[in-house]
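# Results of the structural survey
Listed here are the chains, written in short residue letters.
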Amino acid sequence: DTAVSQTPKYLVTQMGNDKSIKCEQNLGHDTMYWYKQDSKKFLKIMFSYNNKELIINETVPNRFSPKSPDKAHLNLHINSLELGDSAVYFCASSRGTGGSSYEQYFGPGTRLTVT
Amino acid sequence: GNSVTQMEGPVTLSEEAFLTINCTYTATGYPSLFWYVQYPGEGLQLLLKATKADDKGSNKGFEATYRKETTSFHLEKGSVQVSDSAVYFCALSDNQGAQKLVFGQGTRLTINP
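Below you will find a few notes about this structure.

Reading the values: the criteria
- Residues numbered from 1 in each chain as written.
- Chains lettered and ligands numbered in written order.
- Predicted model: local features only at pLDDT ≥ 70, side-chain atom pairs only at ≥ 80, totals over all residues.
- Heavy atoms only, no water.
- Pairing = 2+ DSSP bridges.
- Helix = DSSP H or I, 4+ residues; strand = E, 2+ residues; numbered from the N terminus.
- Axes fitted to C-alpha atoms, helices over the stretch in contact; angles between N-to-C directions.
- Contact = heavy atoms within 4.5 Å.
- Buried area = accessible area lost by both parts, 1.4 Å probe.
- Salt bridge = Lys/Arg side-chain N within 4 Å of Asp/Glu carboxyl O.
- Polar contact = N/O pair within 3.5 Å; in protein donor to acceptor, adjacent residues only side chain to side chain.
- Nonpolar A, V, L, I, M, F, W, Y, C, P; charged D, E, K, R; others polar.
- Buried < 20%, exposed > 50% of the residue type's maximum accessible area, 1.4 Å probe, protein only.

### Considering the pairing of strand β6 (residues 53–57) of chain A
Residue and element names in this part refer to chain A. Relative to β6, strand β5 (residues 43–50) runs antiparallel, the two sharing four bridges. Residue pairing across strands places F47 opposite N57, the latter belonging to β6. The antiparallel hairpin formed by β5 and β6 contains two residues in its connecting segment, where N51 sits at a positive phi of about 50°.

### Some details on the sheet that holds strand β8 (residues 73–78) of chain A
Residue and element names in this part refer to chain A. With antiparallel pairing, four strands are arranged side by side in an open sheet as β1-β3-β8-β7. What marks the edges here is a single partner per strand, and that holds for β1 (4–7) and β7 (64–70). Across the sheet, the mean angle separating the axes of adjacent strands is 20° when strand polarity is ignored.

### Some words on the interface of chain B and chain A
Contact residues are listed per partner, giving 22 residues for chain B and 25 residues for chain A. Interface area for chain B against chain A, summed over the two sides, is near 1800 Å², with a carbon-plus-sulfur share of 56%. At the junction of chain B with chain A, the criterion picks out one salt bridge. A salt bridge links K100(B) to E58(A); the shortest N-O distance between them is 3.3 Å. At the surface where chain B touches chain A, the tally comes to three residue pairs in polar contact (both at pLDDT 80 or more). The element best represented in the side of chain B that touches chain A is strand β5 (residues 32–38) of chain B, accounting for four residues. Among the residues making up the side of chain B that touches chain A, the classes are represented as nine nonpolar, nine polar and four charged.

### Observations concerning the pattern of salt bridges
One pass over the full model with this rule turns up eight salt bridges over all chains. One salt bridge connects K71(A) with D30(A), and the closest N-O pair in it is separated by 2.7 Å. Separated by 41 residues along the polypeptide, K71(A) in the loop between β7 and β8 and D30(A) in the loop between β3 (19–25) and β4 (31–37) bring together distant segments of the chain. When its relative accessible area of 38% is taken as the criterion, K71(A) is described as partly exposed. Linking K77(B) and D84(B) is a salt bridge whose minimum nitrogen-to-oxygen distance equals 2.8 Å. For the pair K77(B) and D84(B), a shared accessibility class is recorded, and that class is buried. What you see here is one network of salt bridges that share partners, running through K44(A), E58(A) and K100(B).

### Let's talk about the environment of G9(B)
Turning to its location among the elements, G9(B) is positioned in the loop between β1 (3–6) and β2 (11–14). With 56 residues separating them in the primary sequence, G9(B) and T65(B) have C-alpha atoms 21 Å apart.

### Notes on the side chain of Q6(A)
All names here are of chain A. Position of Q6 among the secondary structure elements: in strand β1. A polar atom in the side chain of Q6 sits 2.8 Å from the backbone oxygen of Y89. A polar contact of 3.0 Å, which involves the side chain of Q6, links it to the backbone nitrogen of C91. When near neighbours in sequence (up to four residues on either side) are disregarded, Q6 contacts I21, K22, C23, W34, Y89, F90, C91, G107, P108, G109 and T110.

### A look at unusual backbone geometry
Following T7(A), the chain continues to P8(A) via a peptide bond in cis, the omega torsion being -5°. In this structure, P8(A) sits in the loop between β1 and β2 (10–13). Cis rather than trans, the peptide bond between G9(B) and P10(B) has omega equal to -5°. Considering the arrangement of structural elements, one finds P10(B) in the loop between β1 and β2.

Below you can see the structure in the form of structure tokens.
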């Protein structure tokens, strides 16, 4: 059973399009995250939701909008895609926040290529 | 703000060699420290962690000790295998509110037979 799953695994699209990436976790976790990994493998957090509430919103363009319909899902919508959005996007989840560092479980990633 | 710096890669070693990947951090308060590993084509997996000074995290023959005096969390393994080839990330969490992981730039490790 996949703990954190993402769809699609690969996404190739043209500049200006709108696309979504879906994430689901079956671990019963309360907190979910989106990270972006650029071409040099550098990883940076974008968003985090706890019990469907946005708790982390880093400096990300407004074109990116996360949506959490329930605790098990956190989707990422990207409007007006740009070349610089090409990256691997990772979803992650953890049991909670604060306290003694709950482990974050990562999905397999979605490789987005904007042409 | 918080930051993590890892040794530049790539690192190439022969099987059974000793491995050290350096990691230093800057943070306020008392962060928790992690090493994550990313095998080719996969997501990140937690390798080990330490939540307070002098703690030693260990897993699969890898070890790292939380050194507050030198703000370091170096990853070591006594005898590497070809299957250890991957990208290794050092990360910290400031344990305040949301669990935001701050990652180092990653170190690509290749082990030759």
